[in-house]
Amino acid sequence: MPVQSICCIGAGYVGGPTCAVIAAKCPHITVTVTDSNAARIEQWNSDILPIYEPGLEELVKRCRGVNLFFSTDVKGAVKKADLIFISVNTPTKVKGAAGEVGLAPDLQYVELAARTIAREAKEGLTLVVEKSTVPVRAAATISEMLASANRPGVSFQVLSNPEFLSEGTAIKNLLHPDRVLIGGENQQAISDLADIYAAWVPRERILETSTWSSELSKLVANALLAQRISSINAASELCEMTGANVSEVAKAVGMDSRIGPKFLNPSISLSACLSVCVCVCLSDCVFVVWLTRCGSILRPSGSVVPVSTRIS
C-alpha cells in the first residue's frame, strides 16, 4: 500500500532529523513527530530546535506546517498513520536480574510505544518500524504485543530499519547514506518502506534482509567501530613507548584498502572522558556482549536457539 501518513514516536536525535528528511523528499506524505515531552515538542515548533545538526534547521523550517508536524498527541497521530516509526530511547538497565544490570537494554519505552500502537492504530494494515537500537528478537516481542490487542480488522507488519547516523553529519548521512537497511519477513511491507527511501536513495543502496540480520547488523557495526577506536588508542600508547608517530602509523595503516582510514584518529583514552559517538558505539558493543552471554535466544514460537559464541 502507498504510505500517505507517517507517525514517529520519539522526537529525539534520530526521530527528528529522519522525519525532517522524509518530509522534504516526500512532499506527498504527511509526517508527524510525537513525544510525551511537551517542552521538547515546543522546541521543535520554535525557532530554536532542541538539537543542532548542519542543514536540519533549514529542512524543518521549510516543511514544518506543510507536511511536517510536531505534536504531543501521540494517540491521535497513531490513529491516522499508515506507518509508525518507534524511535525512543533504549538505555542499558540500571536494575533487574543478575547479569542484566549494565548490559541488557531497557525496552520499557519501546514496549510502551508498542502498547499505544496496539490500542490506537486504525483499521486495516499498519507498518510498525523499529528505529531505536534494540537487541535481536525485539521485533518478535513487538509483534506479540501488537497481536495481543486482538482487535478485529486491525493488522500489523513489523520491520527493522536501524539508523546509522553520526553526530555532526546526521543530515548528510540521511541524504547520502552508505546504505539503508530494511529487515522484515513480509516482502510487500519491505517494499512499501523501501519506496519511501527510493525517493532520494538509489535502489542499489537499499538493502533488504531478514529482521534478525537487520537488528544485529546495527549492533555489530557499532561494536566494530568501537573496536577500531580502542585499537588505535592502544597503538597510540605503543607509539609513545617506542617513539613512533601515531598519526603517521594511522595514515600508513589506513591506506591499506582492507582497513581504510576512518575511525583511526587517536582520542582521549576510553577509560576517561568519552565522546557521544564513542559512548553509542560502546553501548551497542555491550548489547552484543549481553546477547552472547545469554547463551540462547527465543524464537517467536518459544523454542530455544543456542548461541555458541561466548565472550569470557
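Residues numbered from 1 in each chain as written. Predicted model: local features only at pLDDT ≥ 70, side-chain atom pairs only at ≥ 80, totals over all residues. Heavy atoms only, no water.

Caption draft 1: Region of the structure containing the pairing of strand β3 (residues 68-71). Burial of β3 is one-sided: the residues L68 and F70 facing one way are buried, the residues F69 and S71 facing the other way are not. In terms of strand pairing, strand β2 (residues 30-34) meets β3 through 4 bridges, oriented parallel. Paired with V31 across the bridge in β3 is L68. (Buried < 20%, exposed > 50% of the residue type's maximum accessible area, 1.4 Å probe, protein only. Helix = DSSP H or I, 4+ residues; strand = E, 2+ residues; numbered from the N terminus. Pairing = 2+ DSSP bridges.)

Caption draft 2: Structural view of the environment of K79. Looking at where K79 falls in the secondary structure, it is placed in helix α4 (residues 74-80). The partly exposed category is assigned to K79, whose relative accessible area is 43%. Taking C-alpha positions, K79 is 5.5 Å from E120, a pair spaced 41 residues apart along the chain. Apart from the residues lying within four places of it in its own chain, the contact partners of K79 are E120 and K122. Among the polar contacts listed, one links the side chain of K79 to the side chain of E120, at a separation of 2.6 Å. (Contact = heavy atoms within 4.5 Å. Polar contact = N/O pair within 3.5 Å; in protein donor to acceptor, adjacent residues only side chain to side chain.)

Caption draft 3: Looking closely at the pattern of salt bridges. By the definition in use, this model includes 8 salt bridges. E58 is paired through a salt bridge with R62; the nearest N and O atoms lie 3.8 Å apart. You can see E58 and its partner R62 sitting in helix α3 (residues 56-63), 4 residues apart, about one turn around the helix. Note on R62: relative accessible area 48%, which makes it partly exposed. We note a salt bridge from D82 to K122, for which the minimum N-O separation is 2.4 Å. Of the two residues, D82 sits in the loop between α4 and β4 (83-86) while K122 sits in the loop between α5 (108-120) and β5 (124-130), which places them 40 residues apart along the sequence. Given a relative accessible area of 8%, D82 falls into the buried group. The partly exposed category is assigned to K122, whose relative accessible area is 27%. (Salt bridge = Lys/Arg side-chain N within 4 Å of Asp/Glu carboxyl O.)

Caption draft 4: Region of the structure containing the environment of A221. Among the structural elements, A221 can be located in helix α9 (residues 211-242). Expressed as a C-alpha distance, the spacing of A221 and F164, which sit 57 residues apart in the sequence, is 9.0 Å. Other than its neighbours up to four places away in sequence, A221 contacts F164 and R179.

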